[in-house]
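# Summary of structural features
Each chain, letter by letter, is given below.
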Amino acid sequence: MTSQKIDVNTDYDLICVGGGIMSASLALLTKLIQPNLNILILERLDTVALESSAAWNNAGTGHSALCELNYTPENEDGAVDITKALKICKQFEISKQFWSYLVKNNLIDDPSAFIQKMPHYSWVTGEENTAYLEKRFKALKAHFMFNSMEFTNDISKMKEWFPLIANDRNEDELLAATKIERGTGVNYGNLTRKLFEILESEYNTKVQCNHDVLDIDPDDEVEWSVKVKNTATNEIQHLDAKHVFIGAGGGSLLLLQKVEIDEKDGYGGFPVSGEWLVCKNEALIEQHLGKVYSKAGVGDPPMSTPHLDTRYINGKRELLFGPFAGFSPKFLKKGSNLDLMKSIKFDNVSAMFGAFWHNLPLTRYLVAQVLMSHEDRMDSLRKFVKNAKNEDWELMIAGQRVQIIKKDEFEGGKLQFGTEVVHSKDGSITALLGASPGASTAVQIMLEVLEIAFPEEVHSDHGKKLLKELVPFWKQELTKELFDEQLAEVTKVLGLE
């Protein structure tokens, strides 16, 4: 990672804006397919992975729908819809396949530095929720992707699975839980740094830190002229690029709005900050191993799904509970308080107002979250850990997320949870907006960006052959045989047995 003067006389095939997991994945995938392409990565901070990719700034869950209940909604007829769960499970397995390819080819020597085996649990209380969880279990268990899932409503079994939660429960409490042993915890900060190290050591592709992209304009001779400020020297440079990828997390929207393409019109963003309760008591930390997700409250947004998580950060085992929402007008943790106001434009003001008007429960939820005291947050934790003590837990501010707002024919504007790739018709500029499941599905999303930007490379005989090696599930209809075969191999290569 450097902050040297950039060569302005080079025509770059691809400039990636942002030093997070998305740019790292895209740049490395592109180099693997076509090593001769000239790629530049620009990061405005003094090193990579300091925003959403940083370990403390995200959930650290290998999001694969093994435990996240918001991916399996209950339809009006009472049936549980597993469509999204199947999609996200496949996408995370694609990420694991790419990482295992890097391990097999000696580009990563120690996968345990960024991924660990971590049981994934779903846990609910009450008659309605326990009935839902059992229906969800039966629907998922019938599919080969989830056939190792276990279900219980036996408190003694839960005490084996997660004693910190199950202890001190009344015998008459209605509880239910599911477990999948093959879940994972991921340190996306460590992974991001490793991918950038590969780019630098194997492909001489360095990240230029302390470089803030101010604008992106059409260029007559190439495709795009990228205006960059060196924040250490205040020098302004103009760089030529055939393709640009905007992967700056919450900052992507503000930069995309400056780009002269019709496809950007109507998009807005709503910033939400996250907070965790972090355990300080080592004895409690040792009593819990796994990620236990429950159900969001009635009317609460999907991002509010409470969970009690084991994490491994900087070589230390941690225990976190949350997330709690906060509000900041910043689009990045190290952004500006003017970000939200700057994002309101003539073409998105109706979408922004429509989204606000039709999401008043979200506004009330955020206001209530912002006003919470430490005691209020501890009361939320005590729904999980009955006798949690205030002095054992402290609050930590997590990352900043910007939820997508887009035009809607009926509501004016709609708040959208998830991620979305916005791109020009010719694919020469792409931008990633939105949040969760984000990093877990980075490889799938960046493969889509790669296909948009470099279709000739992806669809060449060489590209198709290499992609089949990199990610055997890419564009494949999954069978039980293929899934089981690949899962077994990846589990072994990544040390997740």
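Refer to the structure above for everything that follows.
Because the structure is a prediction, the values reported are computed rather than measured. (Residues numbered from 1 in each chain as written. Predicted model: local features only at pLDDT ≥ 70, side-chain atom pairs only at ≥ 80, totals over all residues. Heavy atoms only, no water.)

## Considerations on the pattern of salt bridges
To be explicit about the condition: The term salt bridge refers to a pairing of a side-chain nitrogen on Lys or Arg with a carboxyl oxygen on Asp or Glu at a separation within 4 Å. What counts as a helix is a DSSP run of H or I of at least four residues, what counts as a strand is a run of E of at least two, and both are numbered from the N terminus.
The tally for this structure, following the rule as stated, stands at 24 salt bridges. The residue glutamate 282 makes a salt bridge to lysine 316 at a minimum N-O spacing of 3.0 Å. Residue glutamate 282 is located in helix H8 (residues 282-287), and its partner lysine 316 is located in strand S17 (residues 316-326); the two are separated by 34 residues in the primary sequence. For glutamate 451, the salt bridge goes to lysine 475, with nearest N and O atoms at 3.4 Å.

## Observations regarding helix H13 (residues 442-453)
As a reminder of what qualifies: An expected span of 1.5 Å times one less than the residue number is assigned to each helix. Working definition: with a 1.4 Å probe on protein chains only, accessible area under 20% of the residue-type maximum means buried, over 50% means exposed, and in between means partly exposed.
Here H13 contains 12 residues, and its C-alpha end-to-end distance of 16 Å stays within 8% of the 16 Å for a straight helix at 1.5 Å per residue. Within H13, 10 of the 12 residues are buried, which leaves it mostly tucked inside the rest of the structure. Taken together, the buried positions of H13 are occupied by Ala442, Val443, Gln444, Ile445, Met446, Leu447, Val449, Leu450, Glu451 and Ala453.

## Structural notes on unusual backbone geometry
Most of the time, phi is negative for any residue but glycine, and the peptide bond is trans. Cis geometry marks the peptide bond from glycine 322 to proline 323; its omega dihedral reads 0 degrees. For proline 323, the location among the structural elements is in strand S17. Positive phi outside glycine occurs at asparagine 234, with the angle close to 70 degrees. As for its position among the elements, asparagine 234 is in the loop between strand S11 (224-230) and strand S12 (236-241). Assessed through its relative accessible area of 52%, asparagine 234 is described here as exposed. If you check the backbone angles, asparagine 314 has positive phi at about 55 degrees while not being a glycine. When you line up the elements, asparagine 314 lands in the loop between strand S16 (307-313) and S17. Given the relative accessible area of 67%, asparagine 314 is considered exposed.

## Details of the sheet that holds strand S15 (residues 291-293)
The condition that has to hold: A strand pair is defined by DSSP finding two or more bridges across the two strands. Think of each axis as a best-fit line through the C-alpha atoms, taken over the contacting stretch in the case of a helix, with angles from 0 to 180 degrees between the N-to-C directions.
Strand order in this open sheet of nine strands is S6-S7-S5-S15-S16-S17-S14-S18-S19, and the pairing throughout is mixed. Where the open sheet ends on each side, the last strands, each with one partner, are strand S6 (150-152) and strand S19 (412-416). Across the sheet, the axes of successive neighbouring strands diverge by a mean angle of 30 degrees, strand direction being ignored. As paired strands, strand S14 (residues 268-279) and S17 are joined by five bridges and run antiparallel to one another. Within S17, the residue paired with serine 273 across the bridge is glycine 326.

## Looking at the nonpolar core
Applied cut-off: Here, nonpolar core means buried Ala, Val, Leu, Ile, Met, Phe, Trp, Tyr and Cys residues that are tied together by side-chain atoms lying within 4.5 Å of each other. The criterion used for residue contact is that any of the two residues' heavy atoms lie within 4.5 Å.
Core analysis: the biggest nonpolar cluster contains 83 residues, and Phe98, Trp99, Leu102 and Phe146 have the highest contact counts within it. The dominant element in this core, judged by the number of residues it contributes, is helix H2 (residues 83-104), at 10 residues. The residues contacting phenylalanine 98, other than those within four sequence positions of it, are Leu28, Leu29, Leu32, Val443, Leu470 and Val471. Counting 40 residues, the second largest nonpolar core, distinct from the first, contains Leu40, Val228, Ile261 and Phe331.

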